[in-house]
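Coordinate analysis (summary)
The primary structure of each chain is shown beneath.
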Amino acid sequence: MTSSPSETETVTHPLQEFADNVAAAVGGVAEINFDTVKVKVPPDTWVASLTKARDELGLVFFSWLSAIDWSKDVEVGDPYPLEVEERYELLATVGDLTVGRRVVFSTDLQKDLPTIPTLIGVYAGADWHEREAHEMFGIEFEGHPNLANLYLPDSFLGNPLRKSFPLLSREVKPWPGTVDVEAMPGGGDEAAEGPSEENPEA
Amino acid sequence: MVLDQDLVRHLSEASVSVELETEDMTLNIGPQHPSTHGVLRLVARVDGERAFDVKPVIGYMHRGYEKLSEVRTYPQVTTLVNRIDWVSGYANEIPFIVAAEKILGLEVPERAQYIRLILTEMARISSHLIFMASYPLELGAATPLFFALRERERVLDLLEGVTGGRFHPNFNRIGGVKPAYGSGSSTRKVIQDLPAGFLTETREAMDKVLEAVDEIEALVAGNEIILARTKGIGILPPEVAASYGVSGPNLRASGVKFDLRKVEDYLPYHLFDFEVPVGENGDCWDRWHVRLLEIRQSVRIIQQAIDGIPSGPLQAKVPKVIKVPHGETYVRAENPKGEMGYYLVANGNQGPYRLKIRSASFSNISILPWILEGVLVPDIIAIMGSLDFVLGDVDR
């Protein structure tokens, strides 16, 4: 059920050919992360790439659109362990409705000017997803008719899913608490006692 | 009779300002409304008997799970995702846990996978039974509710017996499942399997569910009023559904034979024999009927799984404190409401770096402005109800 990571280059992933075809068609770069095909495209071909995906590659189903805030400094949670380039990565996942192929299209947006044309003309369902990304990450979608907040009050300041946005409850009470500071068991016998040795809070 | 001069002047002014054309009225439905399954507001412009420019206003149930999961550990996130679609809480856990297991490269024991599959299908049955109950109720038929809820209790009791929770099982662990039976007591370390008799009781319950489904079908499918209110109403063409991301039974009702259980490998569905029911016209009736047919298929899957469930451990060997190595993946599953998926970015620590939650109902109700354009006001409820959404699944 679970498969090995795509990093092992000795075995070709069954989705490799499909990923390469998509990348070639839209002029992007394909990668396969744990059975998920991701195709990186430059922001200026964003709409054209998704149009091709819909019209030529049969990826007619619009699954979702969102973003990742890649930051060196994070106000909440833990930072990413590798060196990251400061950017917003915009993701849009589309799929077919026959054999179950799906592609995550990805493009990088500058942090100081996160602007990109809207996808509404290609996939009507992008409307709400772009509103959400606008609200949560502050990404501007050019040509979107109504970028009003979906969830938060109109007077809300800030973009909550940015890594620079603190979580008030964590400011008041730091994390991890006393029960979560146990060291990772060092493998071997201790690491595998079965389910009875689960998390202390269980 | 002496007329008050002021009153005469007032009446004459009033008659001048009366316009002969009809005015559009703005109709507000919600936020609290019995038919909205949560807190949803609709604002519609009503011209005569028809509704135009319908604007759904969501966000009343927004709990910020995507942000919260960045400061929670993986076992804690499981408790959050239970509460997304609370009518089928169990099913929400699966794609999240599978995403973490994929990045960890964990092999889940077969018995655990079978148990996950059985309980997921039970969650689907209980979710669809709620729809069997609530949809005719919204159209004015109260009787099916009693048949459907009686069976739903049967299924939920069994779910509760295994997991300890009716709505929020929190039953999956990275690497397997954890039966609640005996947990917290001195027997905790001894009993590590399903409660005694669970499989037999489930088999009996499934037979009863099938009987009830037949009864409900006879009640509803033979009701002329329900047929008149649902057939040909709220037709959703497959192309429109796809471009809005409408998934699950709503998509299949429009004739698209696409089920993630057939194409994804998050649970071993390929081992079982089942059909994917589709509708013909994509109207309200098809959306109701497809779900009814899906209950029968879920029962089939459960019966086969009970026959074939292997013995063995319920958990892979995992460390006490689980840290998922850095990496990203998207895992999606066929939930009762449609495609539910998680884009997980793990950072090698105890919690996610980013967790995008793709919930079915959010995309399913984004179709509302399109599908409600120009419909009769009483059909608003008929169409909205047929989409079977849960507001927790919309707002997350």
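Residues numbered from 1 in each chain as written. Chains lettered and ligands numbered in written order. Predicted model: local features only at pLDDT ≥ 70, side-chain atom pairs only at ≥ 80, totals over all residues. Heavy atoms only, no water.

Here's the deal with the overall build of chain B
Going by this rule: Starting at the N terminus, helices and strands are each numbered in turn, a helix being any DSSP run of H or I of at least four residues and a strand any DSSP run of E of at least two. Throughout, exposure labels follow a simple rule: accessible area from a 1.4 Å probe, protein chains only, divided by the maximum for the residue type, with under 20% read as buried, over 50% as exposed, and the rest as partly exposed. The criterion used for residue contact is that any of the two residues' heavy atoms lie within 4.5 Å. The accessible surface values rely on the Shrake-Rupley method and a 1.4 Å probe; as for residues, cover is taken only from the protein chains in view.
Within chain B, the secondary structure is distributed over 16 helices and eight strands. For chain B, with 396 residues in total, the buried portion stands at 60%. Taking the contacts inside chain B whose residues are at least 6 apart along the sequence as the reference set, 72% of them involve residues at least 24 apart. Carbon and sulfur atoms provide 55% of the accessible area of chain B, an area that totals close to 14500 Å².

Some details on the side chain of Glu339(B)
Stated formally: Throughout this description, a polar contact denotes any pair of N or O atoms lying within 3.5 Å of each other; where both atoms belong to protein, one of them has to be capable of donating a hydrogen while the other can accept it, and for residues adjacent in sequence the pair is counted only when both atoms sit in side chains.
Note on placement: Glu339(B) falls in strand β7 (residues 338-346). For Glu339(B), the side chain forms a polar contact with the side chain of Ser63(A), separated by 2.7 Å. In this view, Glu339(B) contacts Phe61(A), Ser63(A), Ser247(B), Gly248(B), Leu260(B), Tyr330(B), Arg332(B), Ala333(B), Arg358(B), Ser359(B) and Ala360(B); residues no more than four positions away in its chain are not counted.

Structural notes on helix α3 (residues 126-137) of chain A
For an α-helix, 3.6 residues make a turn, and residues three or four places apart therefore share a direction. Residues and elements named next belong to chain A. Test applied: In this scheme, a helix's expected span is set at 1.5 Å multiplied by one less than its residue total.
Taking 1.5 Å of rise per residue, the 12 residues of α3 would be expected to cover 16 Å, and the 15 Å separating its terminal C-alpha atoms lies within 8% of that figure. In terms of burial, α3 is largely enclosed, as 11 of its 12 residues are buried. Restricting attention to buried positions, one finds in α3 the residues Ala-126, Trp-128, His-129, Glu-130, Arg-131, Glu-132, Ala-133, His-134, Glu-135, Met-136 and Phe-137.

Section: the pairing of strand β8 (residues 352-358) of chain B
All names here are of chain B. As a reminder, the rule being used: Strands qualify as paired when DSSP identifies two bridges or more between them.
With respect to burial, β8 is a largely interior element, seven of its seven residues being buried. In this sheet, β8 lies alongside β7 in antiparallel orientation, the contact comprising six bridges. By the bridge assignment for β8, Gly-341 is matched with Arg-358. The hairpin formed by β7 and β8 contains five residues between the paired strands, and Gly-348 there has a positive phi angle of roughly 80°.

Points about the sheet that holds strand β6 (residues 327-335) of chain B
Residues and elements named next belong to chain B. The test is simple: For helices, the axis comes from a line fit to the C-alpha atoms of the stretch in contact; other axes are also lines fit to C-alpha atoms, and the angle between any two N-to-C directions lies between 0 and 180 degrees.
The strand order β6-β7-β8 describes an open sheet built from three strands, whose pairing is antiparallel. The open sheet has two edge strands with one neighbour each: β6 and β8. Within this sheet the neighbouring strands show an average axis-to-axis angle of 15°, counted without direction.

As for the packing of aromatic side chains
Residues and elements named next belong to chain B. Applied cut-off: Any two rings among Phe, Tyr and Trp, with Trp reduced to its six-membered ring, count as a pair given centres within 6.5 Å; such a pair is stacked if its planes are under 30 degrees apart, edge-to-face if over 60, and tilted if neither.
Applying the stated criterion across every chain yields a total of 18 aromatic pairs over all chains. Judged by centre distance (5.6 Å) and plane angle (75°), the ring pair of Tyr-114 and Phe-272 falls under edge-to-face. Pair noted here: Tyr-114 is in helix α5 (residues 110-138) and Phe-272 is in the loop between α11 (260-263) and α12 (284-308), with a separation of 158 residues, a long-range link. Here the aromatic rings of Trp-285 and Trp-288 are separated by 5.2 Å at their centres, their planes lie at 25°, and the arrangement is stacked.

A few points about a negative patch on the surface
Residues and elements named next belong to chain B. Defined as follows: Patch rule: a residue counts if its relative accessible area is over 30% and it has no salt bridge; like charges are joined within 9 Å, and nonpolar side chains (Val, Leu, Ile, Met, Phe, Trp, Tyr) within 5 Å. Here a salt bridge means any side-chain nitrogen of Lys or Arg lying within 4 Å of a carboxyl oxygen belonging to Asp or Glu. Within this scheme the basic residues Lys and Arg register as positive and the acidic residues Asp and Glu register as negative, but His and the chain ends are omitted. To locate a charge, take atom NZ for lysine, CZ for arginine, CG for aspartate or CD for glutamate.
Residues Glu-201, Glu-204, Asp-207 and Glu-211 make up a contiguous surface patch of negative charge. Relative to the helices and strands, Asp-207 resides in helix α7 (residues 198-221). Overall, the relative accessible area of 37% leaves Asp-207 in the partly exposed class.

Examining the sheet that holds strand β3 (residues 50-57) of chain B
Residues and elements named next belong to chain B. Read from one edge of the open sheet, three strands run β1-β2-β3, paired in antiparallel fashion. The open sheet has two free edges, formed respectively by β1 (25-29) and β3, since each of these has just one partner strand. Across this sheet, the average inter-strand angle for adjacent strands is 20°, counted without regard to direction. Pairing between β1 and strand β2 (residues 41-47): five bridges, direction antiparallel.

Comments concerning the environment of Leu387(B)
Residue and element names in this part refer to chain B. Summarising the element assignment, Leu-387 is placed in the loop between α15 (377-386) and α16 (391-395). Take Leu-387: its relative accessible area is 0%, and that puts it in the buried class. With 341 residues separating them in the primary sequence, Leu-387 and Val-46 have C-alpha atoms 22 Å apart. Residue contacts for Leu-387: discarding those within four places in its chain leaves Asn-250, Arg-287, Arg-291, Asn-364, Ile-367 and Leu-368.

Description of unusual backbone geometry
Notably, Phe34(A) is not glycine yet its phi reads approximately 50°, a positive angle. Relative to the elements of secondary structure, Phe34(A) occurs in the loop between β1 (29-33) and β2 (36-40). We note that Asp53(B) has phi near 50°; this positive angle belongs to a residue other than glycine. You can see Asp53(B) is positioned in strand β3. For Asp53(B), a relative accessible area of 37% puts it in the partly exposed group.

Remarks on the side chain of Thr107(A)
By the element assignment, Thr107(A) lies in strand β5 (residues 102-109). At 2.8 Å, the side chain of Thr107(A) forms a polar contact with the backbone oxygen of Val41(A).

Topic: the interface of chain A and chain B
Our working rule: Two parts placed together each lose some accessible area under a 1.4 Å probe, and the buried area is that loss summed for both.
Contacts between chain A and chain B engage 70 residues on the former and 71 residues on the latter. Overall, the association of chain A and chain B removes approximately 6400 Å² of surface from exposure, summing both partners, and the carbon and sulfur fraction of that is 56%. Taken together, the connections running from chain A to chain B amount to six salt bridges. Across the pair Lys163(A) and Glu70(B) runs a salt bridge, and its minimum N-O distance is 3.1 Å.

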